[in-house]
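# Notes for the structure review
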Amino acid sequence: MDIEVALVNAFTVNGKGGNPAGVVFNADRLTDAQKLKIAQVVGYSETAFVASDNEADFEVSFFTTTAEVDFCGHATLATFSTMFQEGMLTAGTYVQRTKAGMLSVSIEPNGKVVMEQQLPEKIAGFSYQEIAHVIGIESNILESTNLPIEAISTGLADVIIAVPHGYLDAIEPNDERIADFCKQHNLVGFHVFELCEVQSKHTASCRNFAPLFGISEESATGSSCGALACYLTEHLAELGSEYVFEQGRAMNCHSIITASVESNNSIINSVKVGGFANSIGSVIVAV
């Protein structure tokens, strides 16, 4: 059986950069083993598989090259942007069933896709000393940010790590150490950020490392940026509730991710992440 896979760059900037994802439509009859094989042949960090659903508009599953994951922000964006661009959907709000829950996705008339994420779950806190060895930055430098290191999930559990301005691009990730740490603590990866200068149009620059799932680094991570937005809402409320994150700079693949958080009396009741995507072609995979 030949399966067509749409190839899409998500969280692009003026049509360039972004993070590539595969998208397979009409995936109802594919087994998990077939989906994993397709994801491995495509070779991107995630491939989305779209199937019919009795309650939601679609059921969407997400596979890395090594395993299924509960949710993927950039692959969700790739999926709904492609359906809009191909005329399969019009501007409006839809619901996707994922292993992270029933989540709404809105398509704006200009093609921007804004996706709802799970409400944040704070999973664990880690000391500067624990993380310093893993990420290769001295603990006193991490501590100088005066920001905690926390594992947060809005669909996928990532460790949110602040570094001082100027340190982000210098990180040389040790895949084995990061993968071992994430496996030990049942986490997906590390989402490391530095706050941007006040005059910048961006809130923070980010890098994301998830070698446990075959992703040494990726250029745009929607779920992690949702978690980061929740983190900033709690710890740096003066930044407001609307965020613009840049990611992929160290990979020469610039991406922009927007995020918004609604809260009431410090209780977060809505997390949304958005961006644009562009088709880059398709491939046929035999399964």
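A short tour of the structure in this document, coming up. Since the structure is predicted, the reported quantities are computational estimates derived from the model, not experimental observations.

## Digging into the packing of aromatic side chains
For any pair of aromatic rings, the description consists of the separation of the ring centres together with the inter-plane angle of the planes. As enumerated under the stated definition, the model contains seven aromatic pairs in all. Considering the side-chain rings of Phe126 and Phe181, the 5.1 Å spacing of their centres and the 65° angle between planes classify their relative orientation as edge-to-face. You can see Phe126 sitting in strand 9 (residues 121-126) and its partner Phe181 sitting in helix 5 (residues 175-185), a full 55 residues away along the chain. According to the relative accessible area criterion, Phe126 is buried, its value standing at 10%. Accessibility expressed as a relative area gives 7% for Phe181, which makes it buried. Geometrically, the ring pair formed by Tyr243 and Phe245 is stacked, given 5.9 Å between the ring centres and 5° between the ring planes. Judged by its relative accessible area of 1%, Tyr243 falls in the buried class. Ring pairing ties together the aromatic residues Phe126, Phe181 and Phe190, which thus form one cluster.

## What about the pattern of salt bridges?
Across all of its chains, the model carries nine salt bridges by this definition. In this structure, Lys99 and Glu68 form a salt bridge, with 3.2 Å as the shortest nitrogen-oxygen distance. Separated by 31 residues along the polypeptide, Lys99 in the loop between strand 6 (92-98) and strand 7 (101-107) and Glu68 in strand 5 (residues 68-69) bring together distant segments of the chain. Of the charged contacts, one joins Glu246 and Arg249 as a salt bridge, the two residues approaching to 3.0 Å between their closest N and O atoms. Overall, the relative accessible area of 9% leaves Glu246 in the buried class. For Arg249, a relative accessible area of 34% corresponds to the partly exposed category. Shared partners join several salt bridges into a network, and the residues in it are Asp169, Glu194, Glu246 and Arg249.

## Let's talk about the side chain of His191
With respect to the element layout, His191 can be found in strand 12 (residues 189-195). Within the local environment of His191, its side chain forms a polar contact with the side chain of Asn208, the two groups lying 3.0 Å apart.

## Considering the packing of helix 3 (residues 128-135) against helix 5
Orientation of helix 3 relative to helix 5, taken along the N-to-C sense of each, is 140°, at an axis distance of 8 Å. Classified by the angle between their axes, helix 3 and helix 5 sit oblique to one another. Residues Ile131, His133 and Val134 of helix 3 form the contact with helix 5, whose own contacting residues are Arg177, Ile178 and Phe181. Of the residues that constitute the contact of helix 3 with helix 5, the class distribution is four nonpolar, one polar and one charged.

## Things to note about helix 2 (residues 73-85)
The end-to-end C-alpha separation of helix 2 is 18 Å, in line with the 18 Å expected for 13 residues at 1.5 Å each. Within helix 2, eleven of the 13 residues are buried, which leaves the element mostly enclosed by the surrounding structure. Those residues of helix 2 that fall on the buried side of the exposure criterion are Gly73, His74, Ala75, Thr76, Leu77, Ala78, Thr79, Phe80, Ser81, Thr82 and Met83. Following helix 2 by one or two positions, Gly87 adopts a phi angle in the positive range, close to 80°.

## Let's talk about the nonpolar core
If you look at the biggest cluster of nonpolar residues, it comprises 57 residues, and the most contacted ones within it are Phe80, Phe193, Tyr231 and Phe245. When neighbours within four sequence positions are excluded, Phe245 is seen to be in contact with Thr203, Ala204, Cys206, Cys225, Leu228, Ala229, Leu232, Ser255, Ile256, Ile257 and Ala259. Ile135, Ile178, Phe181 and Val192 belong to the second-largest nonpolar core, a separate cluster that totals 24 residues.

## Thoughts on the pairing of strand 10 (residues 149-153)
Within strand 10, five of the five residues are buried, leaving the element largely enclosed by the surrounding structure. Judged by which residues are buried, strand 10 turns out to be covered on both faces: Ile149, Ala151 and Ser153 on one side and Glu150 and Ile152 on the other are all buried. By the bridge criterion, five bridges tie strand 9 to strand 10 in an arrangement that is antiparallel. Across the sheet, the residue bridging to Gly125 is Glu150, located in strand 10.

## Quick notes on unusual backbone geometry
Leaving glycine out, the prevailing phi sign among residues is negative, and the prevailing peptide bond configuration is trans. Of note in this structure, Asn186 is not a glycine but carries a positive phi near 60°. Residue placement: Asn186 occurs in the loop between helix 5 and strand 12. One non-glycine residue, Ser266, lies in positive phi territory at about 70°. Along the chain, the position of Ser266 falls in the loop between strand 16 (255-264) and strand 17 (267-275).

Reading guide: rules and limits
- Residues numbered from 1 in each chain as written.
- Predicted model: local features only at pLDDT ≥ 70, side-chain atom pairs only at ≥ 80, totals over all residues.
- Heavy atoms only, no water.
- Phe/Tyr/Trp six-rings, centres within 6.5 Å; stacked < 30°, edge-to-face > 60°.
- Helix = DSSP H or I, 4+ residues; strand = E, 2+ residues; numbered from the N terminus.
- Buried < 20%, exposed > 50% of the residue type's maximum accessible area, 1.4 Å probe, protein only.
- Salt bridge = Lys/Arg side-chain N within 4 Å of Asp/Glu carboxyl O.
- Polar contact = N/O pair within 3.5 Å; in protein donor to acceptor, adjacent residues only side chain to side chain.
- Axes fitted to C-alpha atoms, helices over the stretch in contact; angles between N-to-C directions.
- Parallel < 35°, antiparallel > 145°, perpendicular 65-115°, else oblique.
- Contact = heavy atoms within 4.5 Å.
- Nonpolar A, V, L, I, M, F, W, Y, C, P; charged D, E, K, R; others polar.
- Expected span 1.5 Å × (residues − 1).
- Core = buried A, V, L, I, M, F, W, Y, C linked by side-chain atoms within 4.5 Å.
- Pairing = 2+ DSSP bridges.

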